[in-house]
Amino acid sequence: MRVTQGAFSFLPDLTDPQIRAQVEYCLRNNWAVSVEYTDDIHPRNTYWEMFGMPMFDLRDAAGVMAEIHACRQRHPKHYIRVNAFDSTLGWETVRLSFLVNRPQQEPGFRLRRTESHGRVQRYEIEPYATEQPAGSRY
């Protein structure tokens with residue numbers, strides 16, 4: 001199963017030159033860029049681990065690319081994404097978010113149905129990866 005989260009997720013994985021072009025677009029728009037990673041790709045898991053600090057005053061894509069490469073070396077079997085934040089309205093608004101790394105094998109999700117009172121049915125998405133303890137999921 002191929003996880004589809006963020007912009008460009010239905011396209012083939014971006015190459016480093018394509019990632020750099022997107023980062024340059026973000027910087028041209030004065031957006032702050034951050035790099036995050038996780039081994040729990042559940043769609044509701046919005047709190048990924050930050051890799052380094054958000055880069056607020058950065059104007060060169062080389063800094064972001066160095067941070068991405070360092071994160072890939074440290075967490076090669078994790079999902080890694082780049083977020084771009086716009087603070088022009090006085091609060092941080094995510095303008096762009098996309099994956100830059102994914103594990104070789106993506107186990108996917110199971111849909112669990114539970115029946116409740118009356119004819120109510122509830123559905124829950126559960127990642128197969130979380131059957132393993134954190135740090136050894138991929």
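Below, the structure is looked at part by part. Remember, it's a predicted structure, so these values are computed and weren't measured experimentally.

1. What about the overall build of the protein?
Counting secondary structure elements, the protein contains two helices and six strands. The order of helices and strands in the protein, counted from the N terminus, is α-β-β-α-β-β-β-β. Counting across all 138 residues of the protein, residues that qualify as buried make up 39%. Within the protein, residue pairs in contact and separated by at least 24 positions form 54% of the contacts whose partners lie at least 6 positions apart. Only carbon and sulfur atoms are counted for the fraction: they give 50% of the accessible area of the protein, which is about 8,800 Å². If the 17 positive side-chain charges of the protein are averaged to one point and the 17 negative ones to another, these points end up 6 Å apart.

2. Some points on the pairing of strand β6 (residues 121-127)
One ladder, built from seven bridges, connects strand β5 (residues 109-115) with β6; its direction is antiparallel. Paired with Phe109 across the strands is Pro127, a residue of β6. Taking the residues between adjacent antiparallel strands as the criterion, β5 and β6 are bridged by five residues, where Gly118 takes a positive phi near 65°.

3. Some words on the environment of Asp13
When you line up the elements, Asp13 lands in the segment before α1 (16-28). Considered as a pair, Asp13 and Val100 are 87 residues apart in the sequence and their alpha carbons are 7.4 Å apart. In this structure, Asp13 is in contact with Arg2, Gln18 and Arg102, ignoring residues within four places of it in sequence. There is a polar contact of 3.2 Å between the side chain of Asp13 and the side chain of Arg102.

4. Focus on the sheet that holds strand β1 (residues 32-38)
Hydrogen bonds between backbone groups are what pair the strands of a sheet, and the pairing can be parallel or antiparallel. Read across the sheet, four strands follow the order β2-β1-β3-β4 without closing on themselves; strand pairing throughout is antiparallel. Unpaired on one side and paired on the other, β2 (49-50) and β4 (93-101) mark the two borders of the sheet. Where β1 and β2 come together, two bridges link them in antiparallel fashion. What sits directly across from Tyr37, in β2, is Glu49.

5. Re the state of the cysteines
Working definition: the covalent bond between the sulfur atoms of two cysteines is a disulfide. Under the criterion given, the structure shown has zero disulfides. You can see Cys26 has no disulfide; the closest cysteine sulfur is in Cys71, sitting 17 Å from it.

6. Let's talk about the pattern of salt bridges
For the coordinates displayed, the defined rule picks out five salt bridges. Between Arg81 and Glu36 there is a salt bridge whose closest N-O contact spans 2.8 Å. Linking Arg81 in strand β3 (residues 79-86) with Glu36 in strand β1, this pair joins segments that are 45 residues apart in sequence.

7. What about unusual backbone geometry?
Located in the positive-phi region is Phe8, a residue other than glycine, with phi close to 65°. Structurally, the position occupied by Phe8 is in the segment before α1. Overall, Phe8 belongs to the partly exposed group, its relative accessible area being 28%. Phi is positive for Asn30, which is not a glycine, with a value near 60°. Following the sequence through the fold, Asn30 ends up in the loop between α1 and β1.

Reading guide: rules and limits
Residues numbered from 1 in each chain as written. Predicted model: local features only at pLDDT ≥ 70, side-chain atom pairs only at ≥ 80, totals over all residues. Heavy atoms only, no water. Helix = DSSP H or I, 4+ residues; strand = E, 2+ residues; numbered from the N terminus. Buried < 20%, exposed > 50% of the residue type's maximum accessible area, 1.4 Å probe, protein only. Contact = heavy atoms within 4.5 Å. Areas by Shrake-Rupley, 256 points an atom, 1.4 Å probe, with all protein chains shown as cover. Lys, Arg positive; Asp, Glu negative; His and termini not counted. Charge placed at Lys NZ, Arg CZ, Asp CG, Glu CD. Pairing = 2+ DSSP bridges. Polar contact = N/O pair within 3.5 Å; in protein donor to acceptor, adjacent residues only side chain to side chain. Disulfide = S-S within 2.5 Å. Salt bridge = Lys/Arg side-chain N within 4 Å of Asp/Glu carboxyl O.

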